[in-house]
Amino acid sequence: MSFVTTKDGTNIFYKDWGPRNAQPIVFHHGWPLSADDWDSQMLFFLGKGYRVIAHDRRGHGRSSQTAGGHEMDTYASDVAALTDALDLKDAVHIGHSTGGGEVARYVARAKPGRVAKAVLVGAVPPIMLKTAANPGGLPMEVFDGIRAALTANRTQFFIDLPTGPFYGFNRPGAKVSQGLIDRWWLQGMMGAANAHYECIKAFSETDFTEDLKKIDVPVLVMHGTDDQVVPYADSALLAVKLLKRGTLKSYEGYPHGMLSTHADVINPDLLAFVKS
């Protein structure tokens, strides 16, 4: 397996497939998952001739289960260590959910020439938490409930979430995929409980407003209107207004996990943006 070691000694696992001279596409996973959540997209873009890279965030998947560093500044620093080690230039960074926050923080600080474009899919920016400045956000009680469920019975919670709101399988008439539920559970249980617990604060309370304002490359914001995890109106609609070169693409009735449930639609749209 391939790892890059960060300045604090953390080993970050990554996959790196495809021609080394091809344009790189870097995928950033959501909470509490791993690089494996991008299988469909990585195979799709690999087949189109791109170099595809995905890493496991610290404390997730196969990366080191660290005592600390489970916040966005460190996550972005870990990404910078990976892109420096691989010397990636003109890369497209695509982030889902928490990974979208990671992309925003990294791209806003990236070295010149490292990033060509970015994509935020069902992403947490600008900020999920309800505050005086963000009255449409989710109340702290929602995130305290996630913490309580994880602490009480993480393995059951990691069955309940994908079975219900994550993929929209709780909606009438939904076509349930047991394979997706099992894959979600497996990815989650590979990670560390402390990292997952602390990351809840990172994805819910981090304010990415200034990051979004700083980004000067084209950014595609993709979001399902029936996202029950990261509400559409308080994320995508606000984020695109803060971006200098942002474009919003909405998907009527699609769930938070639309990268998996509707890969046949999302993947070609990603390709069109990458090639544009």
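Up top is the structure these notes are about.
1. Some remarks on the nonpolar core
So, step 1. Counting 47 residues, the largest nonpolar core has Trp31, Val107 and Phe203 as its most contacted members.
So, step 2. Where this core is concerned, the elements lending two or more residues are helix H2 (72-86), helix H3 (98-109), strand S6 (115-121), helix H4 (140-166), helix H5 (178-190), helix H6 (193-205), strand S7 (219-224) and helix H8 (236-242).
So, step 3. Counting 24 residues, the second-largest nonpolar core is a separate cluster that includes Ile25, Trp38, Tyr50 and Phe273.

2. Points about the environment of Gln228
So, step 1. Structurally, the position occupied by Gln228 is in the loop between S7 and H8.
So, step 2. Spatially, the C-alpha atom of Gln228 lies 25 Å from that of Tyr75, the residues being 153 residues apart in sequence.
So, step 3. Gln228 has contacts with Pro165, Gly168, Asn170 and Arg171, leaving out every residue within four places of it along the chain.
So, step 4. Reaching out from Gln228, the side chain makes a polar contact with the side chain of Asn170 at a distance of 2.9 Å.

3. Here we look at the sheet that holds strand S2 (residues 11-17)
So, step 1. Taken together, eight strands build an open sheet; the order of strands is S1-S2-S4-S3-S5-S6-S7-S8 and the sheet is mixed. Two strands in the sheet have a free side with no partner beyond their single neighbour: strand S1 (2-5) and strand S8 (246-251). Ignoring which end each strand starts from, the neighbouring axes of this sheet average 20 degrees apart.
So, step 2. Two strands pair when backbone bridges link them, and S2 and strand S4 (residues 51-55) are joined in this way by four bridges, in the antiparallel orientation. Following the sheet pairing, Lys15 is matched in S4 by Ala54.
So, step 3. Each of S1, S2, strand S3 (24-28), S4 and strand S5 (91-96) touches H2; the most contacted strand, S4, lies at about 145 degrees to it.

4. What to know about the environment of Ala202
So, step 1. Mapped onto the secondary structure, Ala202 falls in helix H6.
So, step 2. With a relative accessible area of 4%, Ala202 lands in the buried category.
So, step 3. Taking C-alpha positions, Ala202 is 22 Å from Lys241, a pair spaced 39 residues apart along the chain.

5. Digging into helix H10 (residues 263-275)
So, step 1. A rise of 1.5 Å per residue sets the reference length of H10, with its 13 residues, at 18 Å; its end C-alpha atoms lie 18 Å apart and thus fit the reference within 8%.
So, step 2. Of the residues making up H10, those classed as buried are Ala263, Ile266, Asn267, Leu270, Leu271, Phe273 and Val274. Relative to the axis of H10, the buried residues are bounded by an arc of 165 degrees and lie together on one face. For H10, exposure combined with an orientation more than 90 degrees from the buried face picks out Asp264 and Lys275.

6. What to know about the packing of aromatic side chains
So, step 1. This model, assessed by the stated rule, comprises 14 aromatic pairs.
So, step 2. Ring geometry for Phe3 against Phe13: centres 5.7 Å apart, planes inclined by 70 degrees, an arrangement best described as edge-to-face. Taken together, the residues Phe3 in strand S1 and Phe13 in strand S2 connect sequence positions 10 residues apart.
So, step 3. The exposure class of Phe3 is partly exposed, given its relative accessible area of 35%.
So, step 4. On the basis of relative accessibility, which here comes to 6%, the residue Phe13 falls in the buried class.
So, step 5. Look at Phe158 and Trp184: their rings are 5.5 Å apart centre to centre, the planes differ by 80 degrees, and that puts the pair in the edge-to-face class. Placement of Phe158 in helix H4 and of Trp184 in helix H5 is noted, with a sequence separation of 26 residues between them. As far as burial versus exposure is concerned, Phe158 and Trp184 are alike and both buried.
So, step 6. These aromatic residues form a ring-pair network of at least three members: Trp31, Phe143, Phe157, Phe158, Phe166, Tyr167, Phe169, Trp184 and Phe203.
So, step 7. For the cation-ring pair, Arg57 lies above Tyr75, with the distance from its terminal atom to the ring centre recorded as 5.4 Å.
So, step 8. Here the basic side chain of Lys117 rests over the ring of Phe273, its NZ or CZ set 5.1 Å away from the ring centre.

7. Remarks on helix H1 (residues 39-47)
So, step 1. Gln41, Met42 and Phe45 are the residues of H1 that are buried. Around the axis of H1, the buried residues are gathered within 100 degrees of arc, so they sit on the same side. For H1, exposure combined with an orientation more than 90 degrees from the buried face picks out Leu43 and Gly47.
So, step 2. Looking at the buried residues of H1, the elements they touch are S2, S3, S4, helix H9 (258-261) and H10.
So, step 3. The first or second residue beyond H1 is Gly49, which carries a positive phi of 95 degrees.

8. Topic: the pairing of S8
So, step 1. Where S7 meets S8, six bridges bridge the pair, whose relative direction is parallel. Note on S8: the bridge partner recorded for Leu220 is Thr247.
So, step 2. On the question of chirality, the crossover connecting S7 to the parallel S8 by way of H8 is right-handed.

What counts as what
- Residues numbered from 1 in each chain as written.
- Predicted model: local features only at pLDDT ≥ 70, side-chain atom pairs only at ≥ 80, totals over all residues.
- Heavy atoms only, no water.
- Core = buried A, V, L, I, M, F, W, Y, C linked by side-chain atoms within 4.5 Å.
- Buried < 20%, exposed > 50% of the residue type's maximum accessible area, 1.4 Å probe, protein only.
- Helix = DSSP H or I, 4+ residues; strand = E, 2+ residues; numbered from the N terminus.
- Contact = heavy atoms within 4.5 Å.
- Polar contact = N/O pair within 3.5 Å; in protein donor to acceptor, adjacent residues only side chain to side chain.
- Pairing = 2+ DSSP bridges.
- Axes fitted to C-alpha atoms, helices over the stretch in contact; angles between N-to-C directions.
- Expected span 1.5 Å × (residues − 1).
- Arc of directions from axis to C-beta.
- Phe/Tyr/Trp six-rings, centres within 6.5 Å; stacked < 30°, edge-to-face > 60°.
- Lys NZ or Arg CZ within 6 Å of the ring centre and 35° of its normal.
- Right-handed = clockwise from strand over helix to strand, strands pointing away.

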